[in-house]
Amino acid sequence: MEVIDAILIGIVQGLTEFLPVSSSGHIEIAQKLLNADNLKENEELLSVVLHVATALSTMVVFRKDIFDIIKGILSFKWNEDLQFVTKIAISMIPAAFVGLFFEEELKQLFEGNLLLVGSMLLITAALLFFADRAKNTGKKVTFSNAFFIGVAQAIAILPGMSRSGATISTSVLLGNDKARAARFSFLMVLPLILGKIAKDFLDNKVVMSNDLVMPFTFSFIAAFVTGLVACTWMIKLVKQSKLTYFSIYCIIVGLIAIIWSFAS
C-alpha cells in the first residue's frame, strides 16, 4: 500500500467524519479516484485505524465535557450528566440493532455503489438545507429526541449519508439548540465507535502485517490531525448557520457520483 494513498484516505476520513458530507461516501469515491484496490483488500483494518483516530480527535476536542460527565456519573445522583449519558445510551439503540443484525447486508452496500452514494448525498443535502433554516433555541435534547436522533444515526450507516449531517439536522429540526445538537451528535457516536473497535479486536480482525505499519501509521496521524480541525470547525459552523454551503457541496458531489455510476 502506497503511503501517499494512505495519507490521502486519512485526510478524507478526518475531514468527512465531522463535516456533514459523509465519510463513507467520500472514502468510496476516494478509493475509486485513487484506483486503490489494495485499500479494498485491507478495508476492515483501515476502517478500525481511522475510526480510532477520529474517536481520539473527538475525545480531545470534548475532553472537558467528557471529564465533567464522568465526574457527574461518579456522584451517583440523577443529575444532568447522568441524564445526558442515559440519552446517549438511548440514541445508541437503533444503530446497535442495525449493526448487530444486519452486518452482512450492510457490507454488501459498501462495494463501490456510487449510485447509492450519490442518492444518499442528495438526501443529506436536503436535511442540511432545512436544518440551516431552523430557528436557534435554547432547548436541550430530550429522551424522546435522543431516540429519533439515534434512528437518524442508524439510517446514516448507509454509504453517502452523512452521520453528523443526519444527526445534527434531525436534532435541530426537532427544535433543539444548534450548539447542543452538535455536541450531542459528536459525543453520541463515541460509545458505538469504541464498541465496534473492541468487537473487532475480540474477533481478531485487527491483525496488521509489517508492510502495513508505516502507511497505516501515517493514515492514523492524518485522520487524527484533520479530525481535530474539522470537529472544532464544524461546531462553529453549526452555531453560525452555515450548513447550506455543505448542502450545495453534497448536491454537486452527489450528482457527479450518480452520473459517474451510469457512465462507468
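In the block above lies the structure referred to throughout.
Conventions and cut-offs
- Residues numbered from 1 in each chain as written.
- Predicted model: local features only at pLDDT ≥ 70, side-chain atom pairs only at ≥ 80, totals over all residues.
- Heavy atoms only, no water.
- Helix = DSSP H or I, 4+ residues; strand = E, 2+ residues; numbered from the N terminus.
- Rg over C-alpha atoms; globule rule 2.2 N^0.38 Å.
- Buried < 20%, exposed > 50% of the residue type's maximum accessible area, 1.4 Å probe, protein only.
- Axes fitted to C-alpha atoms, helices over the stretch in contact; angles between N-to-C directions.
- Left-handed = near helix turned anticlockwise from the far one by under 90°.
- Contact = heavy atoms within 4.5 Å.
- Nonpolar A, V, L, I, M, F, W, Y, C, P; charged D, E, K, R; others polar.
- Salt bridge = Lys/Arg side-chain N within 4 Å of Asp/Glu carboxyl O.
- Disulfide = S-S within 2.5 Å.
- Phe/Tyr/Trp six-rings, centres within 6.5 Å; stacked < 30°, edge-to-face > 60°.
- Core = buried A, V, L, I, M, F, W, Y, C linked by side-chain atoms within 4.5 Å.
- Expected span 1.5 Å × (residues − 1).

Asks: Give me the overall build of the protein: which residues, what numbers.
Replies: Of regular secondary structure, the protein possesses 13 helices and zero strands. Mapped from its N terminus to its C terminus, the protein presents α and β elements in the order α-α-α-α-α-α-α-α-α-α-α-α-α. A globule of 264 residues ought to have a C-alpha radius of gyration of about 18 Å, and the protein, at 18 Å, matches this closely. Seen through its C-alpha atoms, the protein measures out along the principal axes to roughly 50 × 40 × 35 Å. Evaluated residue by residue, the protein yields a buried proportion of 46% over its 264 residues.

Asks: Which residues make up the packing of helix α4 (residues 43–61) against helix α12 (residues 210–239), and what are the values?
Replies: The contact between α4 and α12 brings their axes to 8 Å, and the two run at 35 degrees. Seen from above, α4 lies across α12 with right-handed handedness. Together, L45, L46, V49, L50, V52, A53, T54, L56, S57, V60 and V61 of α4 and L212, F216, S219, F220, A223, F224, G227, L228, C231, T232 and I235 of α12 make up the contact between the two elements. The residue makeup of the contact of α4 with α12, split by class, is 17 nonpolar, five polar and no charged.

Asks: Before we move on, could you go through the pattern of salt bridges and cite the residues and values that matter?
Replies: The full count for this structure, using the stated rule, is three salt bridges. When the shortest N-O distance is used, the salt bridge between D68 and K64 registers 3.1 Å. Of this pair, D68 and K64 both sit in helix α5 (residues 63–73), separated by four residues, roughly a single helical turn. Judged by its relative accessible area of 59%, K64 falls in the exposed class. Taking the shortest distance from any N to any O, the salt bridge between D65 and R183 comes out at 2.7 Å. One end of the pair, D65, is in helix α5; the other, R183, is in helix α11 (residues 178–202), with 118 residues separating them in the sequence.

Asks: A description of the side chain of S169 should follow, citing residues and the corresponding values.
Replies: Relative to the helices and strands, S169 resides in helix α10 (residues 163–173). According to the relative accessible area criterion, S169 is buried, its value standing at 0%. Not counting residues within four places of it along the chain, the set of residues in contact with S169 comprises L127, L128, A131 and S164.

Asks: Tell me about the state of the cysteines, and please be specific about residues and values.
Replies: If you walk through the whole model with that rule in mind, you get zero disulfides. The thiol of C250 is not disulfide-bonded; the next cysteine sulfur, from C231, is found 18 Å away. Residue classification places C250 among the buried residues on the basis of a relative accessible area of 0%.

Asks: An account of the packing of aromatic side chains is needed here, citing residue identities and associated values.
Replies: Throughout the structure, instances matching the rule amount to seven aromatic pairs. For the ring pair F84 and F184, a centre distance of 5.6 Å and an interplane angle of 85 degrees mean the geometry is edge-to-face. A residue pair is termed long-range when its members are at least 10 positions apart, and F84 in helix α6 (residues 80–101) and F184 in helix α11 qualify at 100 residues. For the residue pair F84 and F184, the accessibility class agrees, reading buried in each case. Ring centres of F147 and F148 lie 5.9 Å apart, and the angle between their planes is 75 degrees; on these two criteria the pair is classed as edge-to-face.

Asks: So, the environment of I9: which residues are in play, and what are the values?
Replies: On the secondary structure map, I9 appears in helix α1 (residues 3–16). The class for I9 is buried, based on a relative accessible area of 0%.

Asks: Lay out the nonpolar core with the relevant residues and their values.
Replies: Core analysis: the largest hydrophobic core is formed by 42 residues, its most contacted members being I168, F184, F186, L187, M234 and F246. Breaking this core down by element, the ones donating at least two residues are α4, α6, α8 (114–132), α9 (143–155), α10, α11, α12 and α13 (244–263). Filtering out sequence-adjacent residues up to four positions away, M234 remains in contact with F18, L19, P20, I168, F186 and L243. Counting residues in each nonpolar core, the second largest holds 13 residues, with V12, A30, L212 and F216 among its members.

Asks: How would you explain the environment of L173 if you had to name every residue and give the values?
Replies: Its place among the elements puts L173 in helix α10. The spacing of L173 and H51 is 122 residues in sequence and 28 Å in space, taken between C-alpha atoms. Ignoring anything within four residues of it in the chain, the contact list for L173 reads L127, F130 and A131.

Asks: Before we move on, can you summarise unusual backbone geometry with the specific residues and values?
Replies: For F76, which is not glycine, the phi dihedral falls at a positive 55 degrees. Summarising the element assignment, F76 is placed in the loop between α5 and α6.

Asks: Residue-level account of α11, with values.
Replies: An ideal rise of 1.5 Å per residue puts 36 Å on 25 residues; α11 measures up with 37 Å between its terminal C-alpha atoms. Just downstream of α11, N204 is the residue with a positive phi angle, here 60 degrees.

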